[in-house]
Amino acid sequence: MSLGRLSSATSGLLVQSARKLHFSASTATMRSVVTAATSAAPELVPTPGTMKVKLALCQMATSADKVENIAAAKSAIQEASSSGASLVVLPEMWNCPYSNDSFPSYAEDIDAGASPSAAALAEAARGHAVTLVGGSIPERSDGKLYNTCLVYSKEGQLLAKHRKVHLFDIDIPGGVTFKESETLTAGQAGTVVDTDAGRLGIGICYDIRFPELAMMYTQRGAQLLVYPGAFNTTTGPAHWELLQKARAVDNQLFVATCSPARNPEASYQAWGHSTAVDPFGKVLATTDEKPGIVYAELDYAELEKRRTNMPLMQQKRYDLYSLLDKTL
Ligand SMILES: NC(=O)CC(=O)C(=O)O
């Protein structure tokens, strides 16, 4: 399945769901609402064949020096590959400090071929023959900025580009205040991509808080959800692991996150704790806030096992959920 077809199919799914919601809301009688709701069960795309994958989550130290950050990314990919990883993940915003002051000046135009960060990722993926989920970088496109993740094949071919769809705009007094929307624009589509390391659903950081996105990826047959992310010292201890376990258990698939290491000098204190969770909610591997690489062995046969033991997908009451707001 090509990226284009998967991407447009996924965004098609979004549009389709929106249409269904609109239809239910504008229907006058309960009878017609019931008709709409009973046809709401989504088509489930089967997961691809099973395989075992060695995953590496590169919790890089990042600084204000882009050249240094690119060199650090290359060296982390090389180390991960030398340790036998076939799937390598980088953190959110690995080429710059995580701040609205930095995003515009570090942004690169990927589509115009003017992106030293993207060129380095392609070269490293090809040179070390790894599937690479290249964290994210600020992308400039048509006068707008996006928080963008690039996925490369082991031949160095760009397979997918995911722009963070849920921007991180929060205000927790005494904790953390951040408004990505001051500089960034939200992406408009989800991303499911077939790779040599399985079918991946891609989200970036705050995207993990939205179960609907993960659920749609699951319906498209994803085996692993990958979230490059930079939670912080307020939300990290409270929600980081909880959300990963929740997405894994709700959807009975693997979840992986990759954070930058904490930089005590930075205005934004990243939580770190890059983690891999299995379909039963078990933490396979994790770390603290310091730089390092987290490795995990993923066996996609686990999805089938857990989904047979506990057939949640078949037991869902799609016929009921969209009626709850009418009947409660
Ligand atoms: N940085 C993010 O996008 C998300 C985050 O820190 C949180 O959800 O908490």
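Residues numbered from 1 in each chain as written. Predicted model: local features only at pLDDT ≥ 70, side-chain atom pairs only at ≥ 80, totals over all residues. Heavy atoms only, no water.

- Labelled according to an unreviewed UniProt entry, the protein appears under the name Omega-amidase, chloroplastic, originating from Coccomyxa viridis.
- Per UniProt, the protein has the following entry under Sequence similarities (unreviewed entry): "Belongs to the carbon-nitrogen hydrolase superfamily. NIT1/NIT2 family." (UniProt positions renumbered as here; feature names shortened; annotations may be inferred.)

### Quick look at the nonpolar core
Item 1. Counting 46 residues, the largest nonpolar core has Leu55, Val133 and Leu224 as the members making the most contacts within it.
Item 2. In this view, Leu55 contacts Ala85, Leu87, Val89, Ala256, Ala276, Val294, Tyr295, Ala296 and Leu298; residues no more than four positions away in its chain are not counted. (Core = buried A, V, L, I, M, F, W, Y, C linked by side-chain atoms within 4.5 Å. Buried < 20%, exposed > 50% of the residue type's maximum accessible area, 1.4 Å probe, protein only. Contact = heavy atoms within 4.5 Å.)

### Regarding the UniProt feature "domain: CN hydrolase" (unreviewed entry) in the protein
Item 1. The UniProt record annotates "domain: CN hydrolase" (unreviewed entry) at residues 53–300.
Item 2. As a span, residues 53–300 carries 24% helix and 29% strand, and end to end its C-alpha atoms are 8 Å apart. (Helix = DSSP H or I, 4+ residues; strand = E, 2+ residues; numbered from the N terminus.)

### A word on the confidence of the model for the protein
Any residue range with low pLDDT should be treated as having predicted coordinates unsuitable for detailed reading.
Item 1. When the pLDDT values of the protein are averaged, the result is 89; 87% of them are 70 or greater.
Item 2. This model gives residues 1–38 a pLDDT under 50, and the stretch forms 42 contacts once residues within four places in sequence are excluded. (pLDDT = per-residue confidence, 0-100.)

### Some details on the pairing of strand β9 (residues 191–195)
Item 1. Along β9, four of the five residues are buried, which leaves the element largely enclosed by surrounding structure.
Item 2. In this sheet, strand β10 (residues 198–202) lies alongside β9 in antiparallel orientation, the contact comprising five bridges. Within β10, the position partnered with Val192 by the bridge is Gly201.
Item 3. Connecting β9 to the antiparallel partner β10 that follows it, the hairpin turn spans two residues. (Pairing = 2+ DSSP bridges.)

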